[in-house]
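One letter stands for each residue in the lines below.
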Amino acid sequence: MPHTLLLQLPVPRHQVGAKSGNIPLGPACLKLAAETHTDASVEIFPETLATHGGDAAILEEICKKRPDILGLTLTCWNVERSLHLAEEVKKRCGARIVAGGPEVTVDNPLTRHPAIDFRVYGEGEEVFVKLLKEPGLWDQGEASGCAPEFFMHGKNPYIENILDPGPEEIMLLETQRGCPYGCKFCYYNKARKGLTFLSDEKVLEGIRWAVCSGVKELYLLDPSLNARPGLKDLLKEIAKINPHGALALRSEIRAEWIDAEAAELFAAAGFTVFEIGLQSTCRKAQKLMGRNTDLTRFVEGVSHLKGHGILSTVDLIIGLPGDDLTSFSSSLRFVKENGLDDDVQVFPLALLPGTAFRQESESLGLRFQEKPPYTIIETPGFSPDEITLAMDWTESLLDMDLMTPPEVNLSWKTEGLPAHRSVTPEDRELMATFVVTNETTQDDARHAAARLSYPYQVVITPEATDDESVFRILAECVSRNPHTPCEIIWVEPDSLPDAVRIVAELPLFRPHFLDNELALLDHRPGNRAILCTLVSTDPHPLPVPMGRSLKRFSGDALPTRDALEDLNDADGAVIDAPDTEALQAWQESMAPHADEMFPIAFSDHGAMAYWRELTRDGDWVF
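What counts as what
- Residues numbered from 1 in each chain as written.
- Predicted model: local features only at pLDDT ≥ 70, side-chain atom pairs only at ≥ 80, totals over all residues.
- Heavy atoms only, no water.
- Phe/Tyr/Trp six-rings, centres within 6.5 Å; stacked < 30°, edge-to-face > 60°.
- Helix = DSSP H or I, 4+ residues; strand = E, 2+ residues; numbered from the N terminus.
- Buried < 20%, exposed > 50% of the residue type's maximum accessible area, 1.4 Å probe, protein only.
- 1 Å grid on protein atoms, 1.4 Å probe; cavity = no way out; pocket = protein on both sides within 12 Å on 5 of 7 lines; lining within 4 Å.
- Points joined across faces, edges and corners; volume = space filled by probe spheres on them.
- Nonpolar A, V, L, I, M, F, W, Y, C, P; charged D, E, K, R; others polar.
- Polar contact = N/O pair within 3.5 Å; in protein donor to acceptor, adjacent residues only side chain to side chain.
- Contact = heavy atoms within 4.5 Å.

(A) Focus on the packing of aromatic side chains. Taken as a whole and judged by the stated rule, the model has eight aromatic pairs. Ring plane angle 70° and centroid distance 5.9 Å describe the contact between Phe118 and Trp138, whose orientation is recorded as edge-to-face. Of the two residues, Phe118 is situated in strand β5 (residues 118-122) and Trp138 in the loop between α5 (125-133) and β6 (142-145); the sequence distance between them amounts to 20 residues. For Trp138, a relative accessible area of 7% puts it in the buried group. On the numbers, 5.1 Å between centres and 10° between planes, the contact of Phe271 with Phe274 is stacked.

This is the structure we're talking about:
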């Protein structure tokens, strides 16, 4: 039997070491199916290394394992990076490559890539088992799957020690496949016909394991929990297992279904959050997307949940067919006036492969990004400027930030001297911060590039004054990691760096997912994947998208709170001081006010880590 390695890559991000939500549930289901029905050796690529390893580090680990088959879970956020790795694996290892996941649809040309030997549409367990047992099936190149028996009778990957809730501090439990609704922006209901439910016994078995294991949060992945028959009786049983609410549960639901009894049962079972799709109050938009909403019952349902202390995250979509700026503003006012704004998610429509809106895009007059995440650009009701204006109106009316710049999280010293920063997921040392001095060579860069994290930072110290040498070092890092976001940090350079040229000429894959995903963060087109940061006592703006300037304060003159709240000439501050008791005392005095001040970073690695612990501890893995 062949040895198979399954890999799932994370959502691209700029925060080094931040939690990502990259939990390989799909690969875990495939591994369980293979172990139950074959003698094949199936391995899941280590979760935290998949999440935090740069392109080169992951490629090296794959080749070291030398799988006969490499399985890839493809989503809109990882498809292009996954295909890059597939190409490189083909060149170096010669493995057969099978791809599945929501991005693998008949109408998606991206996944018809020469490096992919086999594509699986829909649910993968049954097809995967056949591929392992029947080598001739590979010749077909593709197959569709629906695996209700595998789902209903399969084991729980957490109970079987295949998945660990530890790294992300959350457990996923799939209790339903299929969706009773036909929303045209969603692919879920197109992937299969009919609904399949996990038995109450298996659901309760998973929840019981979570409670006994001390799991903090459990996410029920049902696309609409209310579709489950006998749900209220199940909730009563969950409450017996989780009587004190030590396990926080969350899921998605239709608000119209919720009555006073249901809300009380949800609260007793330990539910704390529901994501609830409103999408639009415009009747024309609701009709075109195939999702009618009884607005009166919607408000009543959210109110019932709120009365029992359960938070409702209400979703609105900008750019739906049939909607325009006027009707979208009515949706906003509806949310505000009815007290539905405790937690709101607002985002532009994405025309995902396989969805009805994607297939009808031409007749509906929809223009969207050709590459992931396929965000809407223009509709008959929204010009590009009006989409931006809708975001602005949302932020103003609901007092929220929809597009926030990356956090300031950087450091480059230990005990006052320049020092790289390493992290160690799965016992594999990765370099998160590569510090460049006047002594750094091209060989140093080559060695570092092979073990960079995802994302990573390169700090250019004041001593590194040879601009061409610095560029070659940066190019070495990027060429080995063409899909990995990075941050370039210049500390007190002699002159303003030519960030425009550097960003344009570095060999990063373009357009990067972040170039499209963060397009609305800056009015200028182009780069969003390379973050450029200037650290100086006299900060000047960097003239590139994703450019920022931070004011440097020395340890001899730690700033006051007033000074940090009034940095009109900078985007934040860096405290360049050793990690002493005096500095820690200053941090402890400032931490309660961190959200009111401009962002702060620290040159010392230990001091930066302590500041994260004080202000953002739950958001980071390391």
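(B) Here's a closer look at unusual backbone geometry. The residue after Pro372, namely Pro373, is reached through a cis peptide bond having omega 10°. Between Tyr454 and Pro455 the backbone carries a cis peptide bond, its omega angle lying at -10°. In this fold, Pro455 is placed in strand β21 (residues 452-460). With a phi angle near 60°, Asn161 is a residue other than glycine that sits in the positive phi range. Summarising the element assignment, Asn161 is placed in the loop between α6 (148-153) and β7 (171-173). On the accessibility criterion, Asn161 (66% relative accessible area) is exposed. One non-glycine residue with positive phi stands out, namely Tyr374, at about 65°. Secondary-structure assignment places Tyr374 in the loop between β15 (367-368) and β16 (376-378). In this structure Tyr374 comes out as buried when scored by relative accessible area, which is 0%.

(C) Empty space enclosed by the protein, seen in detail. Under the criterion given, the structure shown has five cavities of 30 Å³ or more. What the largest cavity holds in volume is close to 90 Å³. Looking at the lining of the largest cavity element by element, the count peaks at three residues for helix α4 (residues 79-92). The residue inventory of the lining of the largest cavity, partitioned by class, reads eight nonpolar, three polar and two charged.

(D) Region of interest: the side chain of His113. Its location among the elements puts His113 in the loop between β4 (96-100) and β5. A distance of 3.0 Å separates a polar side-chain atom of His113 from the backbone nitrogen of Ala115. Leave out the neighbours within four places in its chain, and His113 touches Leu83 and Glu87.

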